[in-house]
Amino acid sequence: MINKKFNKILCGRILALRKEHNLTLEQLAYQSGISKGGLSEIERSMKEPRAYTILKICNGLGISMQEFFNFQELEEFANLL
């Protein structure tokens, strides 16, 4: 249950950042070097992104992993553990 919530938070973050950077699914997939289908499944929380995949997405967005993980919803989740 907790793992599912954590995954949903991370996947939502990826979607929010893609939209914040005004990128289409195709653009971010290309810039990240991952498949459009895989990225789509991640954004819909159907697939759990591994650390290396998150790193590739960060590179595609032009942000650091530190920036990726620095957001309020994740802080709140961590405080509940």
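Quick look at the structure, then. Only a predicted model underlies this, so the values are computations on that prediction, with no experimental measurement involved.

Quick look at the overall build of the chain
Then step 1. Secondary structure summary: the chain contains 6 helices and 0 strands in total.
Then step 2. Dimensions along the principal axes, computed over C-alpha positions, put the chain at roughly 35 × 25 × 20 Å.
Then step 3. Within the chain, buried positions represent 38% of all 81 residues.
Then step 4. As presented, the chain carries roughly 5400 Å² of accessible surface, and 52% of it is formed by carbon and sulfur atoms.
Then step 5. Looking at charge distribution, the chain has the averaged site of its 11 positive side-chain charges lying 7 Å from that of its 9 negative ones.

Describing the nonpolar core
Then step 1. Within the largest apolar cluster, 17 residues are counted, with the highest numbers of intra-cluster contacts made by Ile14, Leu28, Leu39, Ile57, Leu61, Ile63 and Phe68.
Then step 2. Among the elements of the structure, α1 (2–20), α2 (25–32), α3 (36–43) and α4 (51–61) are those that each provide at least two residues to this core.
Then step 3. Residues within four places of Phe68 in sequence aside, it is in contact with Leu10, Arg13, Ile14, Leu17, Ile54, Cys58 and Ile63.

Looking at the packing of aromatic side chains
Then step 1. Taken as a whole and assessed by the stated rule, the structure comprises 2 aromatic pairs.
Then step 2. Arranged with centres 4.9 Å apart and planes meeting at 85°, the rings of Phe68 and Phe69 form a pair that is edge-to-face.
Then step 3. A relative accessible area of 0% means that Phe68 is categorised as buried.

Concerning α1
Then step 1. With 19 residues, α1 extends 27 Å between its outermost C-alpha atoms, agreeing within 8% with the 27 Å of an ideal straight helix rising 1.5 Å per residue.
Then step 2. Those residues of α1 that sit buried are Asn7, Ile9, Leu10, Cys11, Arg13, Ile14, Leu17 and Arg18.
Then step 3. Where the residues of α1 are buried, they touch α2, α3, α4, α5 (65–69) and α6 (72–80).
Then step 4. One or two positions beyond α1, positive phi appears at Asn22, with a value near 55°.

A short note on the environment of Asn59
Then step 1. Here Asn59 shows up in helix α4.
Then step 2. On a C-alpha basis, the gap between Asn59 and Leu10 in space is 16 Å, while along the polypeptide they are 49 residues apart.

What about the pattern of salt bridges?
Then step 1. Scanning all chains against the criterion turns up 2 salt bridges.
Then step 2. Residue Glu43 pairs with Arg18 through a salt bridge whose shortest N-O separation is 2.6 Å. Here Glu43, found in helix α3, pairs with Arg18, found in helix α1; they are 25 residues apart in sequence, far enough to count as distant. No difference in accessibility class separates Glu43 from Arg18, as the two residues are buried.
Then step 3. The partner of Lys36 in a salt bridge is Glu26, with the nearest N and O atoms 2.8 Å apart. Here Lys36 is found in helix α3, whereas its partner Glu26 is found in helix α2, with 10 residues between them in sequence.
Then step 4. The partly exposed category is assigned to Lys36, whose relative accessible area is 43%.

Rules used throughout
- Every chain's residues receive numbers from 1 upward, in the order its sequence appears when written.
- Only residues with pLDDT of at least 70 are given local features in this predicted model, and only at 80 or more are side-chain atom pairs given and counted; all residues enter the totals for whole chains, interfaces and linings.
- Note: side-chain values were computed over all heavy atoms of the structure, leaving out hydrogens and water.
- Helix and strand definitions follow DSSP, with helices as H or I runs of at least four residues and strands as E runs of at least two, each counted in order from the N terminus.
- Buried means the residue's accessible area, taken with a 1.4 Å probe over protein chains only, is under 20% of the maximum for its type, while exposed means over 50%, and partly exposed covers the values in between.
- In short, Shrake-Rupley with a 1.4 Å probe defines the accessible areas, and a residue's cover is counted only from the protein chains shown.
- Within this scheme the basic residues Lys and Arg register as positive and the acidic residues Asp and Glu register as negative, but His and the chain ends are omitted.
- Charged groups are reduced to one reference atom each: NZ for lysine, CZ for arginine, CG for aspartic acid, CD for glutamic acid.
- Among buried residues, the Ala, Val, Leu, Ile, Met, Phe, Trp, Tyr and Cys ones that are joined through side-chain atoms within 4.5 Å form a nonpolar core.
- Note on contacts: a residue pair qualifies if any of its non-hydrogen atoms lie within 4.5 Å across the two residues.
- Between rings of Phe, Tyr and Trp, where Trp is taken as its six-membered ring, a pair exists when centres lie within 6.5 Å; planes separated by under 30 degrees are stacked, by over 60 edge-to-face, and by other angles tilted.
- One less than the number of residues in a helix, times 1.5 Å, gives the span that helix is expected to have.
- For salt bridges, the criterion is a side-chain nitrogen of Lys or Arg within 4 Å of an Asp or Glu carboxyl oxygen.

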